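# Tertiary structure, described
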Amino acid sequence: MGSLRSNLNPLLVACAVVLCVSGGAFAADEKLDQMYEKLRSAPAPEAARVGKEIMQRLSNSGSPAMNLLLKRGRAAMEAGDSALAIQLLGALTDHAPDFAEGWHALAVAYARQGQMGPAMDDLAHSLALDPRNFAAIYSLAALLEEMGQPDLAAEAYARLGAIHPYFDDAPLALERLKAEGIGSEL
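Our subject in this report is the structure included herewith. Just so you know, these numbers come straight off a predicted model, no measurement behind them.

The next thing to look at is helix α8 (residues 116-129). Given 3.6 residues per turn, any residue in an α-helix points the same way as the ones three and four places further on. Taking 1.5 Å of rise per residue, 14 residues should cover 20 Å, and α8 covers 20 Å from first to last C-alpha, within 8% of that figure. Where burial is concerned, most of α8 is hidden: 11 out of the 14 residues are buried. Taken together, the buried positions of α8 are occupied by Met116, Gly117, Pro118, Ala119, Met120, Asp121, Asp122, Leu123, Ala124, Ser126 and Leu127.

Okay, here's the thing in structure tokens:
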């Protein structure tokens, strides 16, 4: 699969990922549904708190061993060791293929190594499993911008805003793109 992943056309994968953001199957979780509903209408300070709670919930695979792989993979990224992060997070996705946040973290590690094809492929997996993961949508938007796809990036930022209106600098990024005449039809 490695050779296939390295040959992916990132633009085709990006289009597929943007489509995944609008749909996809994910496990029903009533508590999480309530948290997302609260997030949509919360004022900025409360939205930040609710967003953190959602990310904590999304970062729990249900397995202590898989949670440890995620934690160590993220620590390796923070330490600047993307190669180790890819090994750890690759093991995580191999053993927990239905854990969306594992795929998102692996995508970030690949992106940090400049491997956009694998990064976009893993974002597609993540968003197919959980299309509401606002951190993964943000990663998608940032990668699309970096790859010179501002229209697709604007669409992703707009979808992110519908889920978490105050996430990171996404509102500013969307406004910047609109000021450049990109995504104005959104």
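Picking up after the structure, the text goes on.
A separate point is the layout of surface pockets. As a volume, the second largest pocket reaches approximately 190 Å³. Lining of the second largest pocket is provided by Arg74, Met77, Glu78, Glu101, His104, Ala105, Val108 and Arg112. Listing elements by their share of the lining of the second largest pocket, those giving two or more residues are α5 (64-78) and α7 (100-112). A per-element tally of the lining of the second largest pocket places α7 first, with five residues. Counted by class, the lining of the second largest pocket contains three nonpolar, one polar and four charged residues.

On to the packing of helix α9 (residues 134-146) against helix α10 (residues 150-163), then. In contact at an axis separation of 8 Å, α9 and α10 are set at 160° when each is read in the N-to-C sense. Between α9 and α10, the angle falls in the class roughly antiparallel. Of the two possible hands of crossing, α9 and α10 adopt the one that is left-handed. Facing α9, whose interface residues are Phe134, Ile137, Tyr138, Leu140, Ala141, Ala142, Leu144 and Glu145, α10 presents Leu152, Ala153, Ala156, Tyr157, Leu160 and Ile163. Tallied by class, the residues present in the contact of α9 with α10 amount to 13 nonpolar, no polar and one charged.

Now for the pattern of salt bridges. Taken as a whole and judged by the stated rule, the model has nine salt bridges. The salt bridge involving Arg159 is made with Glu155; its shortest N-O contact spans 2.5 Å. Here Arg159 pairs with Glu155, and both are found in helix α10, just four residues apart, close to one helical turn. On the basis of relative accessible area, Arg159 is assigned to the partly exposed category, the value being 28%. In this structure, a network of salt bridges that share partners links the residues Lys38, Glu46, Arg49 and Glu53.

Time to look at the nonpolar core. In terms of nonpolar packing, the biggest core is built from 57 residues, with Tyr36, Ile54, Leu89, Leu92, Phe134, Tyr157 and Leu160 touching the most fellow members. Top element by residues in this core is α9. It accounts for nine residues. Excluding anything up to four places from it in sequence, Tyr157 contacts Tyr138, Ala141, Ala142, Glu145, Ala170, Ala173, Leu174 and Leu177.

On to the packing of helix α3 (residues 30-41) against helix α4 (residues 44-58). When two helices pack together, their arrangement is given by the angle between the helix axes and by the axis-to-axis distance. Two elements in contact, α3 and α4, have axes separated by 9 Å at closest approach and are oriented at 155°. Relative to α4, α3 is oriented roughly antiparallel. For α3 against α4, the interelement crossing comes out left-handed. Here Lys31, Leu32, Met35, Tyr36, Lys38 and Leu39 of α3 lie close against α4, whose contacting residues are Glu46, Ala47, Arg49, Val50, Gly51, Glu53, Ile54, Arg57 and Leu58. In the contact of α3 with α4, the residues fall into eight nonpolar, one polar and six charged.

Time to look at α5. Compared with the 21 Å implied by 1.5 Å per residue over 15 residues, the 21 Å span of α5 between its first and last C-alpha is a close match. Taken together, the buried positions of α5 are occupied by Met66, Leu69, Leu70, Gly73, Ala76 and Met77. Viewed end-on, α5 has its buried residues packed into an arc of 125°, placing them on one side of the element. Turned more than 90 degrees away from the buried face of α5, the exposed residues are Pro64, Lys71 and Glu78. Here the buried face of α5 lies against α6 (82-95) and α7. Gly80 sits one or two residues past α5 and shows a positive phi near 85°.

What counts, and where the lines are drawn
Residues numbered from 1 in each chain as written. Predicted model: local features only at pLDDT ≥ 70, side-chain atom pairs only at ≥ 80, totals over all residues. Heavy atoms only, no water. Helix = DSSP H or I, 4+ residues; strand = E, 2+ residues; numbered from the N terminus. Expected span 1.5 Å × (residues − 1). Buried < 20%, exposed > 50% of the residue type's maximum accessible area, 1.4 Å probe, protein only. 1 Å grid on protein atoms, 1.4 Å probe; cavity = no way out; pocket = protein on both sides within 12 Å on 5 of 7 lines; lining within 4 Å. Points joined across faces, edges and corners; volume = space filled by probe spheres on them. Nonpolar A, V, L, I, M, F, W, Y, C, P; charged D, E, K, R; others polar. Axes fitted to C-alpha atoms, helices over the stretch in contact; angles between N-to-C directions. Parallel < 35°, antiparallel > 145°, perpendicular 65-115°, else oblique. Left-handed = near helix turned anticlockwise from the far one by under 90°. Contact = heavy atoms within 4.5 Å. Salt bridge = Lys/Arg side-chain N within 4 Å of Asp/Glu carboxyl O. Core = buried A, V, L, I, M, F, W, Y, C linked by side-chain atoms within 4.5 Å. Arc of directions from axis to C-beta.

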